[in-house]
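# Residue-level structural notes
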Amino acid sequence: MGAVKQVKSNKNLKLRVLIVEDSEDDCLLLIHELRRGGYEPDFVRVENKEELQEALLSSSWDIVITDHRLPQFSSDAALDTVQKHGLDIPVIIVSGSIGEEFAVRIMRSGAHDYIMKGNLTRLVPAIEREIKEAQFRKKARFEQKHDALTGIRNRTEFEQGLRHVVEHFDKRKQAHAFIFLDLDQFKIINDACGHAAGDKFLRQISDVIKKPIRDSDMLARLGGDEFGLLLESCPLGKAKKIAEILLTLIHKFKFKWQGKSYSISASIGLVMINDKKKDYNDILNAADIACYTAKDSGRNRIHVYSKDDLSLIKKHSEMRWVMRIKDALKNNKFFIVKQKIVDLGKDENTFCGYEILVRMLNEDNSVSMPSEFIPAAEHYNIMPAVDQKVIELAFSHIASLDEKSSEMYFINLSGNSFTDEGFLPFITKQLKTYKLSAKQVCFEITETATIENLEKAIEFIKEVRKQGFSFALDDFGAGISSYSYLRSLPVDYIKIDGSFVVDILDDPMDMIIVESVAKIGRVAGLKVIAEYVENDQIKEKLAEMGIDMAQGYSLHKPERVYLDS
């Protein structure tokens, strides 16, 4: 190292200074100025690149002060050396003479300030400013990577770490392990004690989770009461032992709040990372599924993900949709769109009604289509609540229109709804609330749902038609016995399954089916509507066949209905 030995001090205003200077006298002048400014610096003086590199590696520094010109070394080289080490240390250049052009260039290169040796009174203010800014940058970087509540890594930082180990996986080394931990019934503490208690609990439980993990492991709060732990170079046996320790520590932990003690458990999903070909998103999903399986199996346990768990994906996905659907119902995130139904027997601009269709708004303001959420809603019997929301929105829209409006509004119902005992009273109440004419509304029920509950469907249709509503049988033709039971259903419209309509110009079988439905409709005295009319040629062909009405994107794209709040 340089000729000046390192100086130690016990004063409060300590400053760790790395001085790049070949003159011992000039170095002492800098130290003197710092002491005059209230600092007692711990410093090292170096004279060349090798000594600078060694000092940067051996200790941490608050500031680097470098002379502009040294024998076989310069401030440019010193700045470059600091930057190549990836260190965010302020660099201040001190010079006896420095040209304006060089000063501009070196500042653009990343130097934080330059000071003339004849004006060292600027040194302390410059250092104070740069240290504050460095502290601010350090804090900003920490906040960017860490969870504000618990101080451990956040989800973004964790996902970056997970992506890195997946992309750089080396089969010659040991596999990695990903532990996904979800606290069981954490909501109890939040509900019983309030969010302040819940926040305190999460901070304390984070400290508990830290205990068995190594410095090389990455712990993060992934959201709410979910935590992720990435164990690098960790075989399955060891990962399971760590997971078991975590369950034990969490279960034994007692949270005290206002004289009461609370304890909870956790469920853990464990995924081994042993294949470079895997996408990190797949690993996240696998861990989520494994954790869900642990919860579904009784909580306070570990489930190791395997390929056999693929059968659980559908159920897991449906459960997530159920949560989103319930949230949408609670927070009014469902909205309706309407699509024109055109009368093929009149002028092409004449339309006779609309079909009301439902959409769901997601947290990120994207829109989910019915095909995405209805299967889960039907499977878990929350479709009646969705149908009720659609009816409420549709009736509100119809009530806001001109009283002279004669268009018919077609509203879909699921099989779950017309078998629900409270659904018919709901329709009756909504009709009175919005003071509508029931003649403006036609309910649609799919052929498949009708077949599954034929007696109940007939009873429901008859009761609703008594109030003046019309009924349409949707997706007609999809069932293998469509014609056999049609005469027993008291409906007013038949809507041909769109899969037969879309290819009638190219598929002779589809052509025959659509023609037969048109004839059946005329004999039965029913209006026939064709869906999926995608071009003018199909529309003209349908008109030739005697189809009464049509709808599709070529005729009208669904438009959103905006209601007064």
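Above this note sits the structure.
The present account deals with the structure reproduced in this document.

Attention now goes to the overall build of the protein chain. Of the regular secondary structure elements, the protein chain holds 21 helices and 24 strands. The C-alpha radius of gyration of the protein chain comes to 36 Å, more than 25% above the 24 Å expected for a compact globule of 565 residues. If you line up the protein chain on its principal axes, its C-alpha atoms span 110 × 60 × 50 Å. Sequence-distant contacts in the protein chain: of pairs separated by 6 or more residues, those separated by 24 or more amount to 68%. In the structure as shown, the protein chain presents an accessible area of about 29500 Å², 48% of it carried by carbon and sulfur atoms. A distance of 6 Å separates the average location of the 79 positive side-chain charges in the protein chain from that of its 87 negative side-chain charges.

Across the 6 residues that make up strand β19 (residues 441–446), a large majority, 5, are buried. One ladder, built from 5 bridges, connects strand β18 (residues 408–413) with β19; its direction is parallel. Its bridge partner lying in β19, N412 is registered against E444. Two strands pair when backbone bridges link them, and β19 and strand β20 (residues 470–476) are joined in this way by 5 bridges, in the parallel orientation. Residue T446 lies in a different strand from β20, and its bridge partner there is D474.

Before going further, it helps to examine the packing of aromatic side chains. What the rule picks out here adds up to 16 aromatic pairs. Considering the side-chain rings of F423 and F426, the 6.2 Å spacing of their centres and the 40° angle between planes classify their relative orientation as tilted. One end of the pair is F423 and the other is F426, both in helix α15 (residues 423–434) and 3 residues apart, which spans about a single turn. According to the relative accessible area criterion, F426 is buried, its value standing at 15%. Note on F443 and F469: the rings are 5.0 Å apart at their centroids and 50° apart in plane angle, and the pair reads as tilted. Linking F443 in strand β19 with F469 in the loop between α17 (454–466) and β20, this pair joins segments that are 26 residues apart in sequence. Take F443: its relative accessible area is 0%, and that puts it in the buried class. Pairwise contacts between aromatic rings join F395, F418, F423, F426, F443, F460, F469 and F471 into one cluster.

Ranked by internal contacts, the top residues of the largest apolar core, which has 69 residues, are F443, L542 and I547. The dominant element in this core, judged by the number of residues it contributes, is helix α13 (residues 383–399), at 8 residues. Every residue in contact with I547, bar those within four places of it in the chain, is listed here: L344, I496, V514, A518, V528, I529, A530 and L542.

Here 5 strands make up an open sheet; going across it, the order is β2-β1-β3-β6-β7 and the pairing parallel. Pairing within the sheet leaves two strands with one partner each, and these edge strands are β2 (40–46) and β7 (113–116). When the angles between neighbouring strand axes are averaged without regard to direction, this sheet yields 25°. In this sheet, strand β3 (residues 63–67) lies alongside strand β1 (residues 14–20) in parallel orientation, the contact comprising 4 bridges. Residue pairing in the sheet places L18 in a bridge with V64 of β3. Set on the sheet, helix α2 (residues 49–58) makes contact with β1 and β2; between it and β1 the angle comes to about 155°. Relative to the sheet, helix α3 (residues 75–84) contacts β3 and β6 (91–95), its axis offset from that of β3 by approximately 155°.

Our next topic: the pattern of salt bridges. Using the criterion set out here, one finds 26 salt bridges in the structure. In this structure, R45 and E47 form a salt bridge, with 2.9 Å as the shortest nitrogen-oxygen distance. E47 sits in the partly exposed class, given a relative accessible area of 28%. Where D217 meets R214, a salt bridge forms, and the shortest distance between an N and an O atom there is 2.7 Å.

Here we take up the pairing of strand β10 (residues 226–231). Counting buried residues in β10 gives 5 out of 6 residues, a clear majority hidden from the surface. Pairing of strand β8 (residues 176–183) with β10 involves 6 bridges; the strand directions are antiparallel. Bridge pairing links A177 to L231 in β10. Note that strand β9 (residues 218–223) and β10 share 5 bridges and pair antiparallel. Bridged to R221 within β10 is F227.

What follows is about the sheet that holds β10. Read from one edge of the open sheet, 5 strands run β9-β10-β8-β13-β14, paired in mixed fashion. A single partner strand is all that each edge strand has here, and the edge strands are β9 and β14 (302–304). Averaged over all pairs of adjacent strands, the angle between strand axes in this sheet comes to 20°, irrespective of strand direction. The strands that helix α10 (residues 280–296) touches are β8, β13 (266–273) and β14; relative to β13, the one it contacts most, it runs at about 145°.

A few words now on α3. Of all the residues in α3, the buried ones are S75, A78, L79, T81 and V82. Along α3, the residues classed as buried sweep out an arc of 160° about the axis, all on the same side. Of the residues one or two after α3, G86 is the one with positive phi, at around 70°.

The next subject is the environment of E444. Take E444: it is sitting in strand β19. Once the C-alpha coordinates of E444 and L473 are considered, the two residues, 29 residues apart in sequence, prove to be 5.8 Å apart.

Calculation notes
The residue numbering used here restarts from 1 in each chain and proceeds along that chain's sequence as written. Given that this is a predicted model, residues contribute local features only at a pLDDT of at least 70 and side-chain atom pairs are listed and counted only at 80 or more, while totals for whole chains, interfaces and linings are drawn from all residues. The basis for the side-chain values is all heavy atoms of the structure; hydrogens and waters are excluded. Numbering of helices and strands runs from the N terminus; a helix is a DSSP stretch of H or I covering at least four residues, while a strand is a stretch of E covering at least two. Only the C-alpha atoms count toward the radius of gyration. The rule for a globule is 2.2 Å times the residue count to the power 0.38. Should any heavy atoms of two residues lie within 4.5 Å, those residues are considered in contact. Only the protein chains shown count as cover for residues, and all accessible areas are computed by the Shrake-Rupley method using a 1.4 Å probe. Counting rule applied: Lys, Arg positive; Asp, Glu negative; His and chain ends not counted. We put the charge of a Lys on NZ, of an Arg on CZ, of an Asp on CG and of a Glu on CD. Per-residue accessibility, obtained with a 1.4 Å probe over protein chains only, is compared with the maximum for each type, and a residue is labelled buried under 20%, exposed over 50%, and partly exposed between these values. When DSSP finds two or more bridges between a pair of strands, those strands are recorded as paired. What counts as a ring pair is set by centres within 6.5 Å for rings of Phe, Tyr and Trp (its six-membered ring), and what kind of pair is set by the plane angle: stacked under 30 degrees, edge-to-face over 60, tilted for all other angles. Note on terminology: a nonpolar core comprises buried Ala, Val, Leu, Ile, Met, Phe, Trp, Tyr and Cys residues joined through side-chain atoms within 4.5 Å. Only the stretch in contact is used when fitting a helix axis, every axis being a line fitted to C-alpha atoms; angles between N-to-C directions are given from 0 to 180 degrees. Salt bridge, as used here: a side-chain nitrogen of Lys or Arg that lies within 4 Å of a carboxyl oxygen of Asp or Glu. Arc definition: directions from the helix axis to the C-beta atoms.

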